[in-house]
Amino acid sequence: MCRLYQILSLSHMGIQLQRSRMITTLSSLSHSRRTFSYSKNVSHKPIPSWIPLPSYAIDGDLKVPTNPEIKTKEQIGQMKPACQLAGSILRYVGDNLRIGMSTEEIDTMVYLKCIEAGAYPSPLHYKGFPKSVCTSVNNVACHGVPGTLTLNNGDIINVDVTVFFKGYHGDTSQTFLVGDVDERNKALVEAAELCRDAGINACHHGALFSDIGDYIYSTASEAGFEVIPYFCGHGIGEYFHGPPDIVHVPSDNVGQERMLSGMTFTIEPILCDGSPEIQVLDDGWTVVTKDGSNSAQFEHTILVTESGCEILTA
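Here the structure is a predicted model, which means the values were calculated and not measured.

Sorry if this is basic, but what is going on with the overall build of the chain here?
A count of helices and strands for the chain gives six helices and 18 strands. Residue pairs in contact within the chain that sit at least 24 positions apart in sequence constitute 73% of those at least 6 positions apart. Counting every atom, the chain has about 12800 Å² of accessible surface; 49% of that belongs to carbon and sulfur.

Quick look at the structure:
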């Protein structure tokens, strides 16, 4: 589940995103600037009392660290099962997608697999999100809320799974092809996966965070697609979203900040086959492309190591 990018100045290879336009867009999108009413009855799916809850599901407290966390070997060992579980649930969903399935059915699948494993579906109640998973179909860029929408032949859908398991979150997503998908949308999905992997390949102890956005942007451009710049990856651990912000486009604001061994964060670029401009639907969550062009996203949670990085949700 991607985080809204609050940094306002972005530039690369002569492409300038105007500060005034970014401020207007971010003001309309920023969940941190909205007032949320917390309710334990947001979802009709109950959480068994024996499953540990994240703090925000109890009292709305996000408990986000101030600075990027350097995790100990013990913390990494405790976090890995959550990441592996998220990956396994995502694979299960992919294996069971079918034409005619509703996104509510996908939500139920994820919910049941979480409960079966003794995990909490992290999106549920996070800043008021009403479901257990994000399901983003076709022109939905991210944060799609499951409901009555059914999958048609030729659709593409991103399923974004995050679990809270034994005190830690694991976060991963993939865009799946539904039935017979046309070549352009196949190319979009393939490019999104390549961009995620390009960002991952930039990661190692001492590397610049800005390298991630540079590699992702150039990979997308070579494939003929745009990167939606308004959302970023995020630090993750005992908290769902935290520092550092992982920017998927070149950005002057990232500066000379460097990765350190022991950091864990997500890389989750969103590509679109058209304009990167976006808008939020009336539910307050579902983000769509303004021009109706399709989008695709892939995500992993990674651990920075001395020699490179480890994909925890692989």
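Explain the sheet that holds strand 16 (residues 295-297) here, please?
Note: strands within a sheet are paired through backbone hydrogen bonds, in either parallel or antiparallel orientation. Across the sheet, which stays open at both edges, the three strands sit in the order 9-13-16 with antiparallel pairing between neighbours. Here the strands that pair on one side only, and so sit at the sheet edges, are strand 9 (226-227) and strand 16. Of the strand pairs in this sheet, strand 13 (residues 270-272) and strand 16 are connected by three bridges, and their pairing is antiparallel. For I270, the partnering residue across the bridge sits in strand 16 and is Q297.

What is the right way to read the nonpolar core from this model?
One recurring pattern in soluble globular proteins: nonpolar side chains tend to sit buried together. Core analysis: the largest hydrophobic core is formed by 31 residues, its most contacted members being C203, F209, I212, M259, F265, I267 and L271. When residues of this core are traced back to their parent elements, those giving at least two are helix 5 (183-201), helix 6 (210-223), strand 12 (264-267) and strand 17 (300-304). At six residues, helix 5 tops the list of elements feeding residues into this core. Within the second largest apolar cluster, 30 residues are counted, among which are I89, V93, I106 and L151.

What is the right way to read the pairing of strand 12 from this model?
Each regular strand displays side chains that alternate between the two surfaces of the sheet. Every second residue of strand 12 is oriented toward a common face, with T264 and T266 on one face and F265 and I267 on the other, all of them buried. Where strand 12 lies against strand 17, four bridges are found, and the strand directions are antiparallel. Pairing of I267 across the sheet is with H300, part of strand 17.

What's the story with the sheet that holds strand 14 (residues 278-280) in this structure? I'm lost.
The strand order across the open sheet formed by three strands is 6-15-14, and the pairing between neighbours is antiparallel. Two strands close off the open sheet at either side, each with one partner strand: strand 6 (140-142) and strand 14. Put simply, the sheet's adjacent strands are angled 40 degrees from each other on average, direction ignored. Pairing analysis gives three bridges linking strand 14 to strand 15 (residues 287-289), with the strands arranged antiparallel. Each bridged residue has a counterpart across the sheet, and for V280 the counterpart in strand 15 is V287.

Just checking my understanding: could you explain the pairing of strand 10 (residues 231-235) for this structure?
Within strand 10, five of the five residues are buried, which leaves the element mostly enclosed by the surrounding structure. Here strand 10 pairs with strand 11 (residues 242-246) via three bridges, running antiparallel. Paired with H234 across the bridge in strand 11 is D245. Hairpin geometry of strand 10 and strand 11 is characterised by an intervening segment of six residues between the two adjacent antiparallel strands.

Would you mind showing me how to read the UniProt feature "binding site: a divalent metal cation 2" (unreviewed entry) in the chain here?
According to UniProt, the "binding site: a divalent metal cation 2" (unreviewed entry) feature falls on D171, H234, E268 and E299. Across 129 residues in sequence, these annotated residues keep their C-alpha atoms within 11.0 Å of one another, forming a single compact spot. Examined against the element boundaries, H234 turns out to sit in strand 10. Polar side-chain contacts of H234 include one of 3.2 Å to the backbone oxygen of F240. In this structure E299 touches M1, D160, D171, T172, S173, R196, H234, T266, I267 and E268, once residues within four positions along its chain are discounted.

Sorry if this is basic, but what is going on with the packing of helix 3 (residues 73-96) against helix 4 (residues 103-117) here?
A packed helix pair is summarised by two numbers, namely the angle formed by the two axes and the spacing between the axes. Orientation of helix 3 relative to helix 4, taken along the N-to-C sense of each, is 140 degrees, at an axis distance of 10 Å. Classified by the interaxial angle, the pair formed by helix 3 and helix 4 is oblique. Between helix 3 and helix 4 lies a crossing whose hand is right-handed. Within the contact between the two elements, helix 3 uses L85, I89, Y92, V93 and N96 and helix 4 uses I106, M109, V110, K113, C114 and A117. When its residues are assigned to classes, the contact of helix 3 with helix 4 shows nine nonpolar, one polar and one charged.

Would you take a moment to explain the pattern of salt bridges for this structure?
Once the charged atoms of two side chains with opposite charge are near each other, the side chains can pair. In the structure shown here, the tally under the stated rule is 11 salt bridges. A salt bridge links K186 to E183, with the nearest nitrogen and oxygen atoms 3.5 Å apart. Here E183 and K186 lie together in helix 5, a separation of three residues that amounts to about one turn. Residue classification places K186 among the partly exposed residues on the basis of a relative accessible area of 34%. A residue is classified by how much of its surface remains accessible, and E183, at 58% relative accessible area, is exposed. The salt bridge involving R196 is made with E193; its shortest N-O contact spans 3.7 Å. Pair noted here: R196 and E193 are both in helix 5, with a separation of three residues, about one helical turn. Among the residues examined, R196 registers a relative accessible area of 7% and is labelled buried. Judged by relative accessible area, E193 falls into the partly exposed class, the value being 34%.

Parameters and conventions
- Residues numbered from 1 in each chain as written.
- Predicted model: local features only at pLDDT ≥ 70, side-chain atom pairs only at ≥ 80, totals over all residues.
- Heavy atoms only, no water.
- Helix = DSSP H or I, 4+ residues; strand = E, 2+ residues; numbered from the N terminus.
- Contact = heavy atoms within 4.5 Å.
- Areas by Shrake-Rupley, 256 points an atom, 1.4 Å probe, with all protein chains shown as cover.
- Pairing = 2+ DSSP bridges.
- Core = buried A, V, L, I, M, F, W, Y, C linked by side-chain atoms within 4.5 Å.
- Buried < 20%, exposed > 50% of the residue type's maximum accessible area, 1.4 Å probe, protein only.
- Axes fitted to C-alpha atoms, helices over the stretch in contact; angles between N-to-C directions.
- UniProt positions renumbered as here; feature names shortened; annotations may be inferred.
- Polar contact = N/O pair within 3.5 Å; in protein donor to acceptor, adjacent residues only side chain to side chain.
- Parallel < 35°, antiparallel > 145°, perpendicular 65-115°, else oblique.
- Left-handed = near helix turned anticlockwise from the far one by under 90°.
- Nonpolar A, V, L, I, M, F, W, Y, C, P; charged D, E, K, R; others polar.
- Salt bridge = Lys/Arg side-chain N within 4 Å of Asp/Glu carboxyl O.

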